[in-house]
Amino acid sequence: MTRYLPWLGGLALIGLPFVYTAPYPMHILIIILIWSFAYTSWSVMGRFGLVSLGHGGFMGIGAYATALAWNYWHISPWIGAPMALLAGALLAVVVAYPCFRFRIIGHYFALVTLALSGIVLQVITATRDYTGGSLGYTPERYQSGSSFYALQFTGKTTWYLIALGVWAAGLYVWHRVDRSMLRYALEAISEDEDGAAAAGVHVTLEKLKITVLSAAMTALAGALYCQYQMFISPDTVSGIAVSLQMVFAVVVGGIYVPLGPTVGAVITILLAEVLRVSFGTRAVGWDNLVYGILLVIFIIFLPKGILGSLLALRRAS
Amino acid sequence: MAIFDIFLLEALLNGVLLGGVLALLSLGLNLIFGVIDVVWICYAELIMLGMYGMYFLYTVYHAPIVAAAAVCIVAVAILGVLLHVLVIAPLLGAAPINQLLATGGVLFFLQSAATVLFGVEFKNLGLRLPVLKAAGMFISYSRLLAFVAALVGMVLVYLFMTRTYTGTAIRAIAQDRQIIPLMGVNSRRIYLVTSALGGGLAGLAACLLVLQYDVHPFVGLSFGPITFLICVLGSLGNFVGGFVAAFVFAEIIALGGLYLDLEWGYVFAFAFFIVMMFVRPEGLMARRS
């Protein structure tokens, strides 16, 4: 029975928009799926102890590159998004290669990547003549609004299916990494770099592979977010706050299990939405207040996260 | 001659003064890192709370400014101790990155606590210090004050670290945290003293920053990251390195701001940081091995 559970769950998720189409819950679901994908992208490398605080930067690149290519050169997001993906991957190589080559690890890696998110945020703000700066940016609507060519859809169902597909692909990538040699190499590296190198692991190359993969996925999440929301601002898709938000959601959900980031996204987004809907503007700040306390408690008492701890409990019993 | 352009000179001078502020900011963080080996990501948020403290004491309750400053410094020092006892102490044995992330949670908490309690409006002290005018240049008095305070703070911390028993014990702990407790130093007490000292320095920075900047719940994000980068660039835990790095960063920001926009100044500073990490990783990370 448990073997078929993922397939049944997947079928139920695919079937959902054909029986239930209330716009607001659909919107929340789409947002959850997109962010789940972004968090999954982070956890692909984060689970090996490569804590990056630069993923806000990659997400911002993905979102802005897609939108700018569309508005200025009329490049369809079908080409723009892969370009944005490449840009994210390239940036990852430029920053991460020297990091790994010179063995900048742990704290230092986190702080160097923190500088990266800072740079991306400041560049977007500083080039306000092109990107709208902190006021945000909107990709132009293509004709009537719904267009396959422009990757713009007014219906929620289409977006739901797209987001679901990308999210599932993200999980598949996680799974493939989990089953690959790369995983064993990276686990060895996270235990002991010198030992891994002595055992024949190409430390720099293996770390670079996973970082580029993770950065490209995050850039795709940014592009997707931009196409769905049709509005991006430096504070919602880039910068240090977004990076920390990713780390936080993954830690709460569970960093070592495939669905952990998704659980993290569900919890954080639902918490924010429930507070917003029930308390309105009075709730400003309360969601982050709860997140912050949860994050501290989780790191101290449940470092495996909610889902990770539940699964560990089930296995133990 | 272009080099002696008055604006350039003014920018350079302002850079030096900004460097003083940044040096003061990085002082407490450096101390914490050097001794406890923990990065307080929420350090800037402690400063933010200190700034709110100043605002409420001075502007709302009309306390004398020196008394308000003293209360703030003590209060933030107590916050530092609380942070250590509640969050850092349970994690001392855990992976370093967990401590960094836990203080990240505290960052969220403090930011939103400030939002909930004080609202998102910008608040300012309503006190404007005069601007000095010398040789055709404008120099902000509050920046000068922060610069002097940073120097005095440096000297005091240096004297404390080298001339007192506790200071010596702190330096000893920073060198070897396993052996020193065997020598009869109470390491828990030393950590508490260091956290209080780091918090106190954050409080001092808050008192001086609030003279120049408006306070709002997210003010920490505007100078927090640059503070970490300064500490890393100057070798985490190394006071002199931090001081030098603060001035280098400040000059880059000031000159970038003069020729382009202020944001570009920050972009150059961040980019410079990343490049420096690659160019001189061994010099910057002398403590790591």
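Data block above holds the structure.
As the structure is a computational prediction, the values presented were derived from the model and not from experiment.

Quick notes on the rules
All residue numbers here refer to positions counted from 1 along the written sequence of the relevant chain. The lettering of chains begins at A and the numbering of ligands begins at 1, in the order of writing. pLDDT decides what is reported in this predicted model: residues at 70 or higher carry local features, side-chain atom pairs at 80 or more are listed and counted, and totals for whole chains, interfaces and linings draw on all residues regardless. Where side-chain values are given, they derive from all heavy atoms of the structure, hydrogens and water being excluded. For helices the rule is a DSSP run of H or I covering at least 4 residues; for strands it is a run of E covering at least 2, with both sets numbered from the N terminus onward. Exposed residues in this analysis have more than 50% of their type's maximum accessible area, buried residues have under 20%, and partly exposed residues fall in between, with area computed by a 1.4 Å probe over protein chains only. Throughout, the Shrake-Rupley method with a 1.4 Å probe supplies accessible areas, and for residues the shown protein chains are the sole cover considered. Asp and Glu are treated as the negative residues and Lys and Arg as the positive ones, with His and the ends of the chain left uncounted. Charged side chains are reduced to one point each, which is NZ for Lys, CZ for Arg, CG for Asp and CD for Glu. Two N or O atoms form a polar contact when they lie within 3.5 Å of each other; inside protein one atom must be a possible hydrogen donor and the other a possible acceptor, and for residues adjacent in sequence the pair counts only when both atoms belong to side chains. Contacts are residue-level and defined by heavy atoms, with any inter-residue pair within 4.5 Å sufficient. Centres within 6.5 Å make a pair out of two Phe, Tyr or Trp rings, where for Trp the six-membered ring is used; the pair is then stacked when the planes are under 30 degrees apart, edge-to-face when over 60, and tilted otherwise. Patch membership needs two things, relative accessible area over 30% and no salt bridge, and members are linked within 9 Å if like-charged or within 5 Å if nonpolar (Val, Leu, Ile, Met, Phe, Trp, Tyr). A pair is scored as a salt bridge if a Lys or Arg side-chain nitrogen falls within 4 Å of a carboxyl oxygen belonging to Asp or Glu. We call a set of buried residues a nonpolar core when its members are Ala, Val, Leu, Ile, Met, Phe, Trp, Tyr or Cys and they connect through side-chain atoms within 4.5 Å of each other.

**Describing the overall build of chain A**
Then, number 1: When you go through chain A residue by residue, the secondary structure sums to 15 helices and 0 strands.
Then, number 2: Within the span of chain A, comprising 317 residues, buried residues form 55% of the whole.
Then, number 3: With the model as given, the accessible surface of chain A reaches about 14000 Å², and the carbon-plus-sulfur share is 69%.
Then, number 4: Charged side chains in chain A number 17 positive and 12 negative. The centres of these two groups are separated by 8 Å.

**Side note on the side chain of A:Thr125**
Then, number 1: Mapped onto the secondary structure, A:Thr125 falls in helix α5 (residues 107-126).
Then, number 2: Residue classification places A:Thr125 among the buried positions, given a relative accessible area of 13%.
Then, number 3: Polar side-chain contacts of A:Thr125 include one of 2.6 Å to the backbone oxygen of A:Leu121.
Then, number 4: With residues up to four places along the chain from it excluded, the contact list for A:Thr125 reads A:Gly133, A:Ser134, A:Pro234 and B:Glu263.

**Focus on unusual backbone geometry**
Then, number 1: At A:Met230, a position not held by glycine, the phi torsion is positive, near 60 degrees.
Then, number 2: Positionally, A:Met230 belongs in the loop between α10 (203-229) and α11 (234-237).
Then, number 3: Looking at A:Met230, the relative accessible area reads 9%, which means it is buried.
Then, number 4: Of note in this structure, B:His62 is not a glycine but carries a positive phi near 55 degrees.

**Describing the packing of aromatic side chains**
Residue and element names in this part refer to chain A.
Then, number 1: Per the counting criterion, the structure on display carries 13 aromatic pairs over all chains.
Then, number 2: Taken together, a centroid distance of 5.8 Å and an interplanar angle of 35 degrees make the contact between Trp35 and Tyr39 tilted. A residue pair is termed a helical-turn pair when its members lie 3 or 4 positions apart in one helix, as Trp35 and Tyr39 do in helix α2 (residues 23-46) at 4 residues. The two residues Trp35 and Tyr39 agree in class, both being buried.
Then, number 3: Judged by centre distance (6.3 Å) and plane angle (25 degrees), the rings of Tyr64 and Tyr137 are stacked. Placement of Tyr64 in helix α3 (residues 55-73) and of Tyr137 in the loop between α6 (128-131) and α7 (156-178) is noted, with a sequence separation of 73 residues between them.

**Focus: a nonpolar patch on the surface**
All names here are of chain B.
Then, number 1: Together, Val148, Val152, Val155, Leu156, Tyr158 and Leu159 line one region of the surface with nonpolar side chains, adding up to about 550 Å² of accessible area.
Then, number 2: Tracing the sequence through the fold places Val152 in helix α5 (residues 141-163).
Then, number 3: Judged by relative accessible area, Val152 falls into the partly exposed class, the value being 44%.

**A short note on the nonpolar core**
Then, number 1: By size, the foremost hydrophobic cluster in this structure holds 184 residues, and its most contacted members are A:Trp35, A:Ile210, A:Ile232, B:Trp40, B:Ile47, B:Ile226 and B:Phe273.
Then, number 2: When residues of this core are assigned to their parent elements, the largest contribution, 14 residues, is made by α2(A).
Then, number 3: Beyond its immediate chain neighbours, meaning those up to four positions away, A:Ile210 contacts A:Val44, A:Met45, A:Phe48, A:Leu50, A:Val177, A:Leu182 and A:Leu186.

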